[in-house]
Amino acid sequence: NTNDLSDFANTLDEMLERLPDKKGKESRKENYQQISQAYLNFWLRQQDAQFFNVPQGSIEIAGLTILVNPEVGMRRHGDELALKLWFAAPKPKRAFRQAIQYLMAEAQHRGWQRHLQPAIWDVRREDLMPNVPLSRDFAWVIRGQASAFREMWDAFGQGEQMEEN
């Protein structure tokens, strides 16, 4: 709804006017204005697009539960997308995109909204990023990293218990 976007823009402008900038740092106000303007421009160009809420999902890899939480859903051209938003100035690296795609696809295959297509929205550049092909061994890499994290986390907890004794 265009009125909702206008209200959003007006409220955001009022909020940004009160945002203090730190001396010697990149202007937070300019940064947020650039991102919010790109966000609004993108939605205003999407005449047939609609927002919807996407429920949180979770997957378990190597005994580690990972929450999958796309920020927004978008219906567009007959497709329903579950979007992860990217706001940072540098473009997301290929490995990050692959990890997000993999985790969202796994959550989808394990019963989370099977009809949704995972996607990354580069808000700053007003771009829905195309999916990056995953290598055949990508799942093994993710499982290995999850196992390593789990081992470190467990060891950290044991270290705290040893210090207490």
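Just above, that's the structure.
Rules behind the numbers
- Residues numbered from 1 in each chain as written.
- Predicted model: local features only at pLDDT ≥ 70, side-chain atom pairs only at ≥ 80, totals over all residues.
- Heavy atoms only, no water.
- Helix = DSSP H or I, 4+ residues; strand = E, 2+ residues; numbered from the N terminus.
- Buried < 20%, exposed > 50% of the residue type's maximum accessible area, 1.4 Å probe, protein only.
- Areas by Shrake-Rupley, 256 points an atom, 1.4 Å probe, with all protein chains shown as cover.
- Patch = residues over 30% accessible without salt bridge, like charges linked within 9 Å, V, L, I, M, F, W, Y side chains within 5 Å.
- Salt bridge = Lys/Arg side-chain N within 4 Å of Asp/Glu carboxyl O.
- Core = buried A, V, L, I, M, F, W, Y, C linked by side-chain atoms within 4.5 Å.
- Contact = heavy atoms within 4.5 Å.
- Lys, Arg positive; Asp, Glu negative; His and termini not counted.
- Polar contact = N/O pair within 3.5 Å; in protein donor to acceptor, adjacent residues only side chain to side chain.
- Pairing = 2+ DSSP bridges.

Which residues make up the overall build of the chain, and what are the values?
Helix and strand content of the chain: four helices and seven strands. Secondary structure elements in the chain, listed N-terminal to C-terminal, are α-α-β-β-β-β-β-α-β-β-α. Counting only residues that meet the buried cut, the chain has 36% of its 165 residues in that class. About 11000 Å² of surface is accessible on the chain, with carbon and sulfur atoms providing 50% of the total.

Give me the lowdown on a nonpolar patch on the surface, citing residues and values where you can.
Among the surface-exposed residues, F149, M152, W153 and F156 lie close enough to one another that they form a single nonpolar patch of about 490 Å² accessible area. Its location among the elements puts M152 in helix α4 (residues 138-164). Owing to a relative accessible area of 55%, M152 belongs among the exposed residues under this scheme.

How would you sum up unusual backbone geometry? Please name residues and give values.
Even without glycine at this site, A62 takes up a positive phi of about 55°. Relative accessible area serves as the criterion here: at 39%, A62 is assigned to the partly exposed category. Even without a glycine there, the phi angle at E126 is positive, about 55°. As for its position among the elements, E126 is in the loop between β6 (117-122) and β7 (127-129).

Mind laying out the nonpolar core, listing which residues take part and the relevant values?
I59, I61, I66, V68, Y102 and L103 are the most contacted members of the largest nonpolar core, which totals 21 residues. Put simply, the parts of the chain that give this core at least two residues each are β2 (57-61), β3 (64-68), β5 (79-86), α3 (94-109) and α4. If one sorts the elements of this core by residue count, α3 sits on top with five residues. Not counting the four nearest positions on each side in its chain, L103 is found in contact with I59, I61, I66 and V68.

Got a sec to walk through the side chain of R97? Specific residues and values, please.
Position of R97 among the secondary structure elements: in helix α3. Buried charge R97 goes without a salt bridge, the closest partner of opposite sign being D127 at 7.0 Å. A polar contact is formed between the side chain of R97 and the backbone oxygen of P130, at a distance of 2.4 Å. Each residue touching R97, except ones within four places of it in the same chain, is listed here: P92, I120, M129, P130 and V132.

If you had to explain the pairing of β2 to someone new, which residues and values would you point to?
Burial of the side chains of β2 is restricted to one face: G57, I59 and I61 are buried, whereas none of S58 and E60 on the reverse face is. Examined bridge by bridge, β2 and β3 share five bridges and lie antiparallel to one another. Note on β3: the bridge partner recorded for I59 is I66. Counting the residues that bridge the hairpin from β2 to β3 gives two residues, and of these A62 lies at a positive phi of roughly 55°.

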